Amino acid sequence: MKPIAIFGGTFDPVHLGHLRAAWEAAEYLDAEVRMMPARVPPHRPPTRASAEQRVALLRAALEGQDRLRMDTRELDREGPSYSVDTLLDLRAEFGSTQPLVLLVGADAFAGLDRWDRWRQLFQLAHIGVLTRPGVRADGSETLREAVRARRTDRREEIHASAHGRVIDVPVTALDISASAVRAQLAAGREPRYLLPQALLRDPALLNVYRD
């Protein structure tokens, strides 16, 4: 069964690093990837753009293709955007047999054992670790022990089961940060080749970041 993969983030704003990683994960896993803007990301400062503005940016960025989709369920839910709650909601919608993959960056994965109800994640989804060349996600001994028997490099296992495996997903290293994009916009510069062309074609979408 074709997996549904979840790619979360603030997307403040969405940039080519986000989109390329999501696209490569979709190809590598042969999955539908859902780009999921966070409402209130735990342990992070508030976003510069509102939820509605971030949705407009992401909608424009995703035009013209059908492999990456937007999913706004975290914006529609009150309170912090904990991944385990999102996965519980997806399970309620798609049932117990649908393969789900939670996509996380290597740095975030290394701290997975500090996430809310982190062990429950394995009962709800596979974990896809977005791995860039030269970056290794080890984490604590507690985390290494928890994932040792779950690791696989076989994509067929992700399609054949609903949850419980950990797989590295190789992605291109694009060193783009949303904070750097915001700084360029605030300084009156044009972040060409950092943002999707659709956002640059409609300057009003980015006005929230201009001082």
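Cut-offs used in this document
Just so you know, the residues in each chain are numbered from 1, in the order the chain's sequence is written. Residues qualify for local features only when their pLDDT is at least 70, as the model is predicted, and side-chain atom pairs are given and counted only at 80 or more; totals for whole chains, interfaces and linings, by contrast, use all residues. To get the side-chain values, all heavy atoms of the structure are used, and hydrogens and water are removed first. UniProt positions are given in the numbering used here, feature names are shortened, and annotations may be inferred rather than shown by experiment. Each helix is a run of DSSP H or I of at least 4 residues and each strand a run of E of at least 2, with the numbering of both proceeding from the N terminus. Just to be clear, the radius of gyration here is over C-alpha atoms, and the globule rule we use is 2.2 Å times residues to the power 0.38. Burial status follows relative accessibility: with a 1.4 Å probe on protein chains alone, a residue under 20% of its type maximum counts as buried, one over 50% as exposed, and anything between as partly exposed. Contacts are assigned to residue pairs with any non-hydrogen atoms lying within 4.5 Å of each other. Note on areas: Shrake-Rupley, 1.4 Å probe, and residue coverage restricted to the protein chains presented here. Positive residues here are Lys and Arg, negative ones are Asp and Glu, while His and the chain termini are left out of the count. Every charge is mapped onto a representative atom, which is NZ of Lys, CZ of Arg, CG of Asp or CD of Glu. By definition, two strands form a pair when at least two bridges between them are found by DSSP. Comment: axis = line fitted to C-alpha atoms, over the contacting stretch for helices; angle = value between 0 and 180 degrees taken between N-to-C directions.

- In the annotation of an unreviewed UniProt entry, the protein chain is listed under the name Probable nicotinate-nucleotide adenylyltransferase and assigned to Oleiagrimonas soli.
- Regarding the protein chain, the relevant UniProt record gives this comment under Catalytic activity (unreviewed entry): "nicotinate beta-D-ribonucleotide + ATP + H(+) = deamido-NAD(+) + diphosphate".
- Here the protein chain is described in UniProt, under the heading Sequence similarities (unreviewed entry), as follows: "Belongs to the NadD family."

**Quick look at the overall build of the protein chain**
- Counting secondary structure elements, the protein chain contains 10 helices and seven strands.
- Relative to a compact globule of 211 residues, whose C-alpha radius of gyration would be 17 Å, the protein chain shows 17 Å and is just as compact.
- The dimensions of the protein chain, computed from C-alpha atoms along their principal axes, are 50 × 35 × 30 Å.
- Going through the 211 residues of the protein chain one by one, you find that 46% of them count as buried.
- Summarising the internal contacts of the protein chain: among those between residues at least 6 apart in sequence, 75% fall at separations of at least 24.
- Per element, the accessible surface of the protein chain, about 10,400 Å² overall, is 48% carbon and sulfur.
- Charged side chains of the protein chain number 30 positive and 29 negative; the gap between the two group centres comes to 1 Å.

**Here's the deal with the sheet that holds strand 3 (residues 68-70)**
- Pairing within the open sheet is parallel, and its seven strands lie in the order 3-2-1-4-5-7-6. Every other strand in the sheet has two partners, leaving strand 3 and strand 6 (151-152) as the edge strands with one partner each.
- Where strand 1 (residues 4-9) meets strand 4 (residues 100-105), four bridges bridge the pair, whose relative direction is parallel. For Ile-6, the partnering residue across the bridge sits in strand 4 and is Leu-102.
- Along the sheet face, helix 4 (residues 83-94) touches strand 1, strand 2 (32-37) and strand 4 and points at about 160 degrees away from the line of strand 4.

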